[in-house]
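Residues per chain, in single letters:
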Amino acid sequence: MAKKLYYDVSKCLACKSCELVCAVGKSSSKELQAALSEETKPLSCVKVKSLESKNFPIACRHCKEHPCVSACIAGALSYDKTKKLVDYDRNKCVGCWMCVMVCPYGAIRDNKALKIPVRCDLCQDADEPRCLKACPVGAIIYLEEEELDKLLKPKKSV
Amino acid sequence: MSTKKIVIIGNSAAGVAAIEAIRERDNASKITVISDESYSAYCRCLISNYLAGTIDENGLIYRDKKFYADNMVELLLEKKAEKVDVKKKNVVLEDKTQIPYDSLIIATGASSKMPKDLKGVSKKGVFAFRTINDARDILNLTTVSHTSCILGGGLIGLKAAYGLKKRGQDVKIIVRSGRLMSQVVDNIASSFILKRFQDNGIEVLLNSDVSEIIGNGDMKALKLDNGKVIGCSLAVIGKGVSPNVKLIKETDIKTDKGILVDEYMRTNIENVYAAGDVCQAYDLTMGKPEINALWPHAVEQGRYAGANICGDNLKYAGSFGMNSVEFFGLAIISIGIFDGDYETLSYADKDKEVYKKVVIDGDRLIGALFVGSIANSGLYTRLIKERINISGIKDDLLDENISYAKIKNLVKEEKEKIYI
Ligand SMILES: Cc1cc2nc3c(=O)[nH]c(=O)nc-3n(C[C@H](O)[C@H](O)[C@H](O)COP(=O)(O)OP(=O)(O)OC[C@H]3O[C@@H](n4cnc5c(N)ncnc54)[C@H](O)[C@@H]3O)c2cc1C
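Residues numbered from 1 in each chain as written. Chains lettered and ligands numbered in written order. Predicted model: local features only at pLDDT ≥ 70, side-chain atom pairs only at ≥ 80, totals over all residues. Heavy atoms only, no water.

**Regarding the interface of chain B and chain A**
It is common to report an interface's size as the accessible area lost on association of the parts.
And then number 1: The interface of chain B with chain A comprises 47 residues on the first partner and 42 residues on the second.
And then number 2: Summing both sides of the interface, chain B and chain A together bury roughly 3,600 Å²; the carbon and sulfur share of this comes to 59%.
And then number 3: Among the residues chain B hides against chain A, the three largest losses belong to I418, Y419 and I420 of chain B. Together they make up 20% of the total.
And then number 4: Linking chain B with chain A are 3 salt bridges.
And then number 5: Residue E145 of chain A is joined to K417 of chain B by a salt bridge in which the shortest nitrogen-to-oxygen separation is 2.6 Å.
And then number 6: The interface formed by chain B and chain A contains 17 residue pairs in polar contact (both at pLDDT 80 or more).
And then number 7: For the side of chain B that touches chain A, the secondary structure elements donating two or more residues are α7 (295-309), β22 (322-327), β23 (330-336), α8 (377-385) and α9 (404-407) of chain B.
And then number 8: In the side of chain B that touches chain A, the residues fall into 22 nonpolar, 14 polar and 11 charged. (Contact = heavy atoms within 4.5 Å. Buried area = accessible area lost by both parts, 1.4 Å probe. Salt bridge = Lys/Arg side-chain N within 4 Å of Asp/Glu carboxyl O. Polar contact = N/O pair within 3.5 Å; in protein donor to acceptor, adjacent residues only side chain to side chain. Helix = DSSP H or I, 4+ residues; strand = E, 2+ residues; numbered from the N terminus. Nonpolar A, V, L, I, M, F, W, Y, C, P; charged D, E, K, R; others polar.)

Okay, structure coming up:
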């Protein structure tokens, strides 16, 4: 099983609910009120950016090439082939920002205060990515690639 | 699949990536890795963190012993490859053992350049800074040393200075040129870095050179070219690196600065590949073969060499200078060309210690510098690497809010399925 996040840009309104729920999910308390008063403000792994009246949620896509893994001088980033996921080991990370320097999507940000890269991990600590349910318009899709293909291909009538 | 004997000399970034690429494709061939060090692969770039005491030896491990077992790799540690015989197709170790190969990857990396003609350079207390052993020897001496001198203001020298400062040494950096990191950043960025080092209690002597290292056996002092003498019992040399090519000197393998390779990481000799700091591959920003002795490139090149040994025909696009470091909380990223006779756009805020600069050649981005604020720097790496025409987004290049959305329609993206 290797689900990924996809975004339906025809639906996305850039309401940034995904950003909010993501940041809260990355806080130590995992609750909005408490998160707001945490000393180091949690950062969202997803950022919605607009171009020509369309909105694009930008987050780590766990890409096939994953240059961040090659660039990681600390061996903190690795690629899990079965989960098709870029994995992160906080214990090994030294906060050198090589990953930020090579991410082709600008999807890794530096949390300077914590010295850790802010990067979508598909909410490994939860059942599914938190942004999924938070999106009020259903623009966020979480599927395996094959399932997505089926969904996208209009059924041919016999 | 036919089984081969694959030999890899060097067990670091390039060697490990080659192992992984080979085993993704071929579980049958025999892989032998030769290393003259005594550890399984470790994070060479982090020996300064180890010196600083922010990580321990365990934290340095890049691939543990299990990795070699899992990947069915015969790992020969503490064995130096003395020479390669490309006619007989074998590697001769220092102890004269011969190791035959069908395919060979030379991933021997580089060594610190030691200024041979500097008087006293071989005295005790003078160190290179390349291996765990170097770091450990330095660390041992810090228990009795009070003042440490660093020769060279490049990345390695500064990392050593940082580590030694964290260990409570009184650190002085002696730099021949007029500024720090002169090979990778411009004057303005240098001045930010200089300030950060000085603010953290490190003395930087610019436009100075060491003329002699003084002492009997153990070093006791440094003499500068202006006659001044600095008492110190520990010195680290950070004067660049040179590729480890000695073992192929007797072969017809072509070298320039390093071993020359084509876009498949092949040398001019059949079945012999090279990758990492030892090799000189195509440089995308220079448009000619160059050594870019950097970890990410070593990994990529190793991966390409491994894949191509297995019959893939993967073309390596080329490398270019890029680095990211942080000193005392100041983040610095340098990508591609940072100066010269080109169009540049820049923004500097001295108070906030933030600096951003882009270097443009016609309608291509060829370099970018970030100090203090490094968000989205990956986008610039990509614009440079893919040689994107940036004329339409020039005005956005210094904008803090630049994002992938902005460059989305310009870059090469396989049919982008992420956005539907
Ligand atoms: C202190 C320090 C900090 C660094 N920081 C950065 C950084 O921030 N970012 C970055 O990109 N890069 C950095 N680098 C550079 C980076 O470490 C190298 O680019 C990278 O290690 C190259 O990997 P490699 O596999 O080509 O060679 P190496 O890591 O040099 O490994 C080659 C191995 O081969 C062995 N070997 C050599 N000759 C023989 C022989 N004849 N027989 C057997 N074994 C042999 C060597 O002992 C060594 O173990 C840093 C380096 C140092 C020393």
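**Let's talk about the sheet that holds strand β4 (residues 81-85) of chain B**
Residue and element names in this part refer to chain B.
And then number 1: The 3 strands are arranged β4-β5-β6 in an open sheet whose pairing can be described as antiparallel. At either end of the open sheet lies a strand with only one pairing partner, and these are β4 and β6 (98-100). Neighbour-to-neighbour, the strand axes of the sheet open up by a mean angle of 25°, direction not taken into account.
And then number 2: Of the strand pairs in this sheet, strand β5 (residues 90-93) and β6 are connected by 3 bridges, and their pairing is antiparallel. (Pairing = 2+ DSSP bridges. Axes fitted to C-alpha atoms, helices over the stretch in contact; angles between N-to-C directions.)

**Observations concerning the packing of aromatic side chains**
Residues and elements named next belong to chain B.
And then number 1: If you walk through the whole model with that rule in mind, you get 13 aromatic pairs over all chains.
And then number 2: When the ring of Y62 is compared with that of W295, the centres are 5.0 Å apart and the planes differ by 85°; the resulting orientation is edge-to-face. On the criterion of sequence distance, the pair formed by Y62 in the loop between α2 (47-52) and α3 (65-70) and W295 in helix α7 is long-range, its members being 233 residues apart.
And then number 3: You can call Y62 buried: its relative accessible area is 9%.
And then number 4: What makes W295 buried here is its relative accessible area of 8%. (Phe/Tyr/Trp six-rings, centres within 6.5 Å; stacked < 30°, edge-to-face > 60°. Buried < 20%, exposed > 50% of the residue type's maximum accessible area, 1.4 Å probe, protein only.)

**So, a nonpolar patch on the surface**
And then number 1: On the surface, L20, L32 and L36 of chain A cluster together into a nonpolar patch covering about 300 Å² of accessible area.
And then number 2: For L20 of chain A, the location among the structural elements is in helix α1 (residues 17-25). (Patch = residues over 30% accessible without salt bridge, like charges linked within 9 Å, V, L, I, M, F, W, Y side chains within 5 Å. Areas by Shrake-Rupley, 256 points an atom, 1.4 Å probe, with all protein chains shown as cover.)

**A closer look at the domain arrangement of chain A**
Residue and element names in this part refer to chain A.
And then number 1: We note that the domain assignment places domain 1 (1-59 + 120-150) and domain 2 (62-106) within chain A.
And then number 2: For domain 1 versus domain 2, the separation of C-alpha centres amounts to 19 Å.
And then number 3: At the junction of the two partners, domain 1 supplies 8 residues and domain 2 supplies 6 residues.
And then number 4: Across the interface of domain 1 and domain 2, roughly 600 Å² is buried in total on both sides, 54% from carbon and sulfur atoms.
And then number 5: Taken as a group, A2, K4 and Q124 account for 52% of the area that domain 1 buries against domain 2, more than any other trio of residues on that side. (Domains from an automatic or database assignment.)

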